[in-house]
Amino acid sequence: RWCAWKQRAGRPDKMKQIRSSQTIDVFDNVTVNIKAREVRVKGPRGVLKRSFKHANLDIALEAGGKKIHVEMWFGKRKEIACIRTVCSEIRNMMTGVTKGYQYKMRFVHAHFPVNVSITPDKKQGGSATSWARS
């Protein structure tokens, strides 16, 4: 027998949550400005800006600029996942302006050998890398 409720029971992602939200604490020594889903984070190591206009979210400062509140109204399951992503991006921006990030370059070869030599470059103030196949 065919039942309408059995067909709908297999699709839980079609239902919409009325309201979903998450709150982030702002780090010490960090200033956050939010205007029209554009977040600007200023700290001791510089300023970072990021636009979240692609996401249909409400982003607001609360508690005198000490908390960031991100919420979504009537979102489906995959749209609600965007809330945590945006919060993680903002948290990473705050980490970047306080502690900073360091990236290490790695060289990997699969088939042919690659010779790598790192030489100081006076123009860049760091090191320049050159590589050649042998």
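As the structure is a prediction and not an experimental result, all values here were calculated from the model.

## With respect to the packing of aromatic side chains
At step 1: A complete count under the given rule lists one aromatic pair for this structure.
At step 2: Here the aromatic rings of tryptophan 73 and phenylalanine 74 are separated by 6.5 Å at their centres, their planes lie at 45°, and the arrangement is tilted.
At step 3: Classification of tryptophan 73 as partly exposed rests on a relative accessible area of 42%.

## What to know about the pattern of salt bridges
At step 1: Counted by the stated rule, this structure contains four salt bridges.
At step 2: Across the pair glutamate 89 and arginine 50 runs a salt bridge whose closest N-O atoms are separated by 2.8 Å. Note that glutamate 89 is positioned in helix α2 (residues 77-98) and arginine 50 in strand β4 (residues 46-51), a separation of 39 residues in sequence.
At step 3: Overall, glutamate 89 belongs to the partly exposed group, its relative accessible area being 27%.

## Digging into the sheet that holds strand β2 (residues 31-35)
At step 1: Strand order in this open sheet of three strands is β2-β3-β4, and the pairing throughout is antiparallel. Edge positions in the sheet fall to β2 and β4, since each has one partner strand and no second. The mean angle between the axes of side-by-side strands here comes to 15°, regardless of whether they run parallel or antiparallel.

## What about the pairing of strand β5 (residues 58-62)?
At step 1: In terms of strand pairing, β5 meets strand β6 (residues 67-75) through five bridges, oriented antiparallel. What sits directly across from isoleucine 59, in β6, is valine 70.
At step 2: Adjacent in sequence and paired antiparallel, β5 and β6 are bridged by four residues, among which alanine 63 carries a positive phi angle near 55°.

## Considering the sheet that holds β5
At step 1: The sheet built from three strands is open, its strands ordered β1-β6-β5 with antiparallel pairing. Edge strands, defined here as strands with exactly one partner in the open sheet, are β1 (17-25) and β5. Across the sheet, the mean angle separating the axes of adjacent strands is 20° when strand polarity is ignored.
At step 2: Taken together, the eight bridges between β1 and β6 define a ladder with antiparallel strand orientation. Looking across to β6, one finds that glutamine 17 is bridged to glycine 75.
At step 3: Sheet strands touched by α2: β1, β5 and β6. Its angle to β1, the strand with the most contacts, is close to 10°.

## A closer look at the side chain of threonine 95
At step 1: Its location among the elements puts threonine 95 in helix α2.
At step 2: Judged by its relative accessible area of 18%, threonine 95 is buried.
At step 3: In contact with threonine 95, not counting residues within four places along its chain, are Phe27, Gly100 and Tyr101.

Thresholds, definitions, all that
Residues numbered from 1 in each chain as written. Predicted model: local features only at pLDDT ≥ 70, side-chain atom pairs only at ≥ 80, totals over all residues. Heavy atoms only, no water. Phe/Tyr/Trp six-rings, centres within 6.5 Å; stacked < 30°, edge-to-face > 60°. Buried < 20%, exposed > 50% of the residue type's maximum accessible area, 1.4 Å probe, protein only. Salt bridge = Lys/Arg side-chain N within 4 Å of Asp/Glu carboxyl O. Helix = DSSP H or I, 4+ residues; strand = E, 2+ residues; numbered from the N terminus. Pairing = 2+ DSSP bridges. Axes fitted to C-alpha atoms, helices over the stretch in contact; angles between N-to-C directions. Contact = heavy atoms within 4.5 Å.

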